[in-house]
Amino acid sequence: MQLIQETPDLSAYLVADEAVDHHHPLVRETAAELARSVANSYEYARAAFEFVRDTIPHSQDSGDLRVTWRASDVLEQRTGICYAKAHALAALLRAEDIPTALCYQKLDVVHGLVAVRFNGAWHRQDPRGNKPGVDARFSLDGERLAFTPDPASGETDWPVLYAAAHPVVLDALKSADDRPHLWETLPTAL
């Protein structure tokens, strides 16, 4: 699949915003801590990915009823669904000047992930969190995502790389009182 930048301006994929708030002190502190243990940006990207994937449980898997959407809140509360975890990973990567896009798959509902730019190419990563039947891994050599869409079921990978969270996703997250309410209002299209 050919990934398509929403904007040709690569600097747009480094911006802090409402959801990807990499200017927040907690995001900066976490990024600095992760950066201390690695030698280069590739190792940092892997460390940030594994940190989000492995230390922030997916709220559906853990049974957590809280809904987070801002990266700093995800890091503070240590919970989130795929979109929120993607926002947290994007913030950690952008905090270290690694261009990062938000991207989506159409499964039963819209699923959120990120793409990182290395060596002049975008590489999609899925920090959702592993569980039986899900084995997502950081990879710059072929995708190792949590899910593979089934075209026969109407599922697809959307090729657009967004500089900011899609408004439909943000609206669903921000308007949900709790995770059960969110599950009733998850977007099925962008």
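Notes on the structure follow. (Residues numbered from 1 in each chain as written. Predicted model: local features only at pLDDT ≥ 70, side-chain atom pairs only at ≥ 80, totals over all residues. Heavy atoms only, no water.)

1. Remarks on the overall build of the chain
Working step 1: When you go through the chain residue by residue, the secondary structure sums to seven helices and six strands.
Working step 2: For the chain, the sequential pattern of α-helices and β-strands runs β-α-α-α-α-α-β-β-β-β-β-α-α.
Working step 3: Over its C-alpha atoms the chain spans a radius of gyration of 15 Å, differing by no more than 12% from the 16 Å that the globule rule assigns to 190 residues.
Working step 4: The C-alpha extent of the chain, read off along each of the three principal axes, is 40 × 35 × 30 Å.
Working step 5: The 190 residues of the chain split such that 49% are buried.
Working step 6: Summed over its atoms, the accessible surface of the chain is roughly 8600 Å², and 48% of this surface lies on carbon and sulfur atoms. (Helix = DSSP H or I, 4+ residues; strand = E, 2+ residues; numbered from the N terminus. Rg over C-alpha atoms; globule rule 2.2 N^0.38 Å. Buried < 20%, exposed > 50% of the residue type's maximum accessible area, 1.4 Å probe, protein only. Areas by Shrake-Rupley, 256 points an atom, 1.4 Å probe, with all protein chains shown as cover.)

2. Focus: the packing of helix α1 (residues 25-36) against helix α2 (residues 41-55)
Working step 1: α2 packs onto α1 with a crossing angle of 125° between their chain directions and a minimal axis gap of 9 Å. Considering the angle they form, α1 stands oblique to α2. Taken as a pair, α1 and α2 cross one another with a handedness that is right-handed. In this structure, α1 uses Thr30, Ala31, Leu34 and Ala35 to contact α2, whose residues at the interface are Tyr44, Ala47, Ala48 and Phe51.
Working step 2: Of the residues assigned to the contact of α1 with α2, the class counts are seven nonpolar, one polar and no charged. (Axes fitted to C-alpha atoms, helices over the stretch in contact; angles between N-to-C directions. Parallel < 35°, antiparallel > 145°, perpendicular 65-115°, else oblique. Left-handed = near helix turned anticlockwise from the far one by under 90°. Contact = heavy atoms within 4.5 Å. Nonpolar A, V, L, I, M, F, W, Y, C, P; charged D, E, K, R; others polar.)

3. Focus on the packing of α2 against helix α5 (residues 82-95)
Working step 1: Remark: α2 packs on α5, axes separated minimally by 10 Å, with the N-to-C direction vectors making an angle of 155°. In terms of their interaxial angle, α2 and α5 are classed as roughly antiparallel. At the point where α2 passes α5, the crossing takes the right-handed sense. When α2 is examined against α5, the residues Tyr44, Ala45, Ala48, Phe49, Phe51, Val52 and Arg53 are found in contact with a partner set consisting of Lys85, Ala88, Leu89, Leu92 and Leu93.

4. Brief notes about the pairing of strand β4 (residues 121-125)
Working step 1: β4 sits mainly inside the fold: four of its five residues count as buried.
Working step 2: Between the antiparallel neighbours strand β3 (residues 110-118) and β4 lie two residues, among them Asn119 with a positive phi of about 55°. (Pairing = 2+ DSSP bridges.)

5. A short note on the pattern of salt bridges
Pairing of side chains with opposite charge becomes possible as their charged atoms draw close.
Working step 1: This model, assessed by the stated rule, comprises 10 salt bridges.
Working step 2: Between Arg124 and Glu143 there is a salt bridge; the shortest N-O distance is 2.6 Å. A residue pair is termed long-range when its members are at least 10 positions apart, and Arg124 in strand β4 and Glu143 in the loop between β4 and β5 (156-157) qualify at 19 residues. (Salt bridge = Lys/Arg side-chain N within 4 Å of Asp/Glu carboxyl O.)

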